[in-house]
Amino acid sequence: MDRKLFWVVTGILLVIAAAAGAATIINHLPHSFNGSVINPPAPAPDFTLTDQHGQFFEFSSLRGKYVFLYFGYSHCTNACPAAMALMTQARNQLGSQGSQIQVVFVATDPPGDTPQAMATFVDRFDPSYVGATGTQAQLSAVWAEYGVVVEDGGETHSDYIYLIDPSGNMRMTYSQPITAEEIAADLRAIMRKV
Amino acid sequence: MRTRLILRFLAGIAVGLLLAIPFTELAFRWQGNTTSRPAKTVVLTIPAGTSAKVDTGQKVLPQDYVFVVGDVLMVHNEDSVVHTLGPLVIPPGSSASMALNHLGNLSYTCTFQPTKYLGLNVQAPLTLGLRLEGIAIAGIPLGILFALYSLIVRPVKRKDITPLAP
């Protein structure tokens, strides 16, 4: 009986050890990123704009957090809400780790993207998101720094989601087609390494 | 007679295959499919000063590139401003890359061409296998046609049949 118990316990321990070994190997396998990797990571240009509450918003104040940065306009009905929903879903996919991610939505239509309009837009997704706006001159400088092309009064604009790490470096960019699961998988891999 | 027929067809196919070699090669070249290397990482470097030159309408880099399926295009930015190419954002001093896993003629918006577009022609690699496939597809039907044509021009005669005396 004791002998039988010994083999059962040994068997269970072996299975646990094998599972732990397999998990370790899987965790250390190089992750194939779904987004476009920026290598080496480049410092994300800092900027100061006005948030949806009418307060000054300094981008560098988000150091220590992961940031999803997106450029769009508040009365957009297609690409911008789709990108915001995608970022929200990716955050949700990460569970408790999702709280480490701050979403920042930067205006592309200065006259239309008033703080009030930005508040209405970002609140549809999460009131904790930042809706940053400013004057044409302020925003043009930010667009140029991030390589964002804005035309037709802001209604035609680049459609990139920038992922910025807690050190303030641009790590990845995403463009359609991409899923929330793919973005979340990339983030998990990046967070594991930090 | 059966052996002769078979031999005639085999000879026709051999001639068809031989003739197909230059024709398929010409066809591949005519289609612009001349990349016979395996997939690899191709680095495209945006030189310093590109943005300033592009603003004045100067072309710094070629307009079109040819790749094979499976290539990875890595764009390295040595310029002082952010550049973009389709889904890629490339900050100064950094690189970004994309896998070219699908055949086709792609046209991406970019910031380092005066036209604001870059053409990427992604081809199937022109390997020995693809060449042989082309030769077989063209050569075998051609050979059969040759054999049939030769049978019309010069029919196979039975050796054991002696012509009737007049």
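About the thresholds
Residues numbered from 1 in each chain as written. Chains lettered and ligands numbered in written order. Predicted model: local features only at pLDDT ≥ 70, side-chain atom pairs only at ≥ 80, totals over all residues. Heavy atoms only, no water. Helix = DSSP H or I, 4+ residues; strand = E, 2+ residues; numbered from the N terminus. Buried < 20%, exposed > 50% of the residue type's maximum accessible area, 1.4 Å probe, protein only. Contact = heavy atoms within 4.5 Å. Lys, Arg positive; Asp, Glu negative; His and termini not counted. Charge placed at Lys NZ, Arg CZ, Asp CG, Glu CD. Core = buried A, V, L, I, M, F, W, Y, C linked by side-chain atoms within 4.5 Å. Phe/Tyr/Trp six-rings, centres within 6.5 Å; stacked < 30°, edge-to-face > 60°. Salt bridge = Lys/Arg side-chain N within 4 Å of Asp/Glu carboxyl O. Polar contact = N/O pair within 3.5 Å; in protein donor to acceptor, adjacent residues only side chain to side chain. Buried area = accessible area lost by both parts, 1.4 Å probe.

Novice: Tell me what's going on with the overall build of chain B, and back it up with residues and numbers.
Specialist: The helix and strand tally for chain B stands at three helices and eight strands. In sequence order, chain B lays out its α and β elements as α-β-α-β-β-β-β-β-β-β-α. For chain B, the spread of C-alpha atoms along the three principal axes comes to 100 × 25 × 20 Å. Here chain B holds 166 residues, and 33% of them are scored as buried. Taking all contacts inside chain B whose residues are at least 6 apart in sequence as the whole, residues at least 24 apart take part in 68%. Separation between the mean location of the 14 positive side-chain charges and that of the 8 negative ones in chain B comes to 22 Å.

Novice: For the nonpolar core, give the residues involved together with the corresponding values.
Specialist: Within the largest apolar cluster, 57 residues are counted, with the highest numbers of intra-cluster contacts made by A:Phe59, A:Phe68, A:Leu69, A:Tyr146 and A:Tyr162. Counting 18 residues, the second largest nonpolar core, distinct from the first, contains B:Leu85, B:Ala96, B:Met98 and B:Leu120.

Novice: Explain the packing of aromatic side chains residue by residue, including any values.
Specialist: One pair of aromatic rings is described through two measures. These are the centre distance and the angle between the planes. Residue and element names in this part refer to chain A. Under the counting rule described, the total for this entry stands at 13 aromatic pairs over all chains. On the basis of an interplanar angle of 15° and a centroid distance of 4.7 Å, the ring pair of Phe 47 and Phe 59 is categorised as stacked. Within this pair, whereas Phe 47 is found in the loop between strand 1 (36–43) and strand 2 (48–50), its partner Phe 59 is found in the loop between strand 3 (56–58) and strand 4 (66–72), the two being separated by 12 residues in sequence. We note that Phe 47, like Phe 59, is buried. Seen in terms of ring centroids, Phe 47 and Tyr 146 are 6.1 Å apart; in terms of plane orientation they differ by 80°. Their pairing is edge-to-face. Remark: Tyr 146 occurs in helix 4 (residues 136–146) and Phe 47 occurs in the loop between strand 1 and strand 2; sequence separation between them is 99 residues. Judged by relative accessible area, which is 0%, Tyr 146 ranks as buried. Three or more aromatic residues link up through ring pairs in this structure, and these residues are Phe 47, Phe 57, Phe 59, Phe 71, Tyr 146, Tyr 160 and Tyr 162.

Novice: Outline the pattern of salt bridges, supporting the account with residue identities and numerical values.
Specialist: One pass over the full model with this rule turns up four salt bridges over all chains. Residue A:Asp126 is joined to A:Arg91 by a salt bridge in which the shortest nitrogen-to-oxygen separation is 3.3 Å. A residue pair is termed long-range when its members are at least 10 positions apart, and A:Asp126 in the loop between helix 3 (115–123) and strand 6 (130–132) and A:Arg91 in helix 2 (residues 79–93) qualify at 35 residues. Between B:Arg37 and B:Asp71 there is a salt bridge; the shortest N-O distance is 2.6 Å. Of this pair, B:Arg37 sits in the loop between helix 1 (2–30) and strand 1 (41–46) while B:Asp71 sits in strand 3 (residues 71–77), and the two are 34 residues apart along the sequence. Note on B:Asp71: relative accessible area 0%, which makes it buried.

Novice: I'd like a rundown of the environment of A:Gln102, residues and numbers included.
Specialist: Residues and elements named next belong to chain A. Within the secondary structure, Gln 102 is located in strand 5 (residues 101–107). Its relative accessible area of 9% is what places Gln 102 among the buried residues. For the pair Gln 102 and Ala 19, spaced 83 residues apart in sequence, the C-alpha to C-alpha distance is 35 Å. When sequence neighbours within four positions are dropped, the list of residues in contact with Gln 102 reads Leu 62, Lys 65, Tyr 66, Val 67, Phe 68, Ser 128, Tyr 129 and Val 130. Engagement of the side chain of Gln 102 in a polar contact is seen with the backbone oxygen of Ser 128, the distance being 2.8 Å.

Novice: Could you give an account of the interface of chain B and chain A, naming the residues involved and the relevant values?
Specialist: The interface is formed by 12 residues belonging to chain B together with 15 residues belonging to chain A. Taken over both partners, the interface formed by chain B and chain A buries close to 990 Å², and the fraction arising from carbon and sulfur atoms is 55%. It is B:Val82, B:Pro87 and B:Val89 that lose the most area in chain B upon contact with chain A, and together they represent 42% of the buried surface on that side. Applying the counting criterion to the chain B and chain A interface returns zero salt bridges. Joining chain B to chain A, the criterion identifies three residue pairs in polar contact (both at pLDDT 80 or more). Among the elements of the structure, strand 5 (88–90) and strand 6 (95–100) of chain B are those that each provide at least two residues to the side of chain B that touches chain A. The element that contributes the greatest number of residues to the side of chain B that touches chain A is strand 6 of chain B, accounting for three residues.

Treat this as a map of the structure, not an account of what it does.
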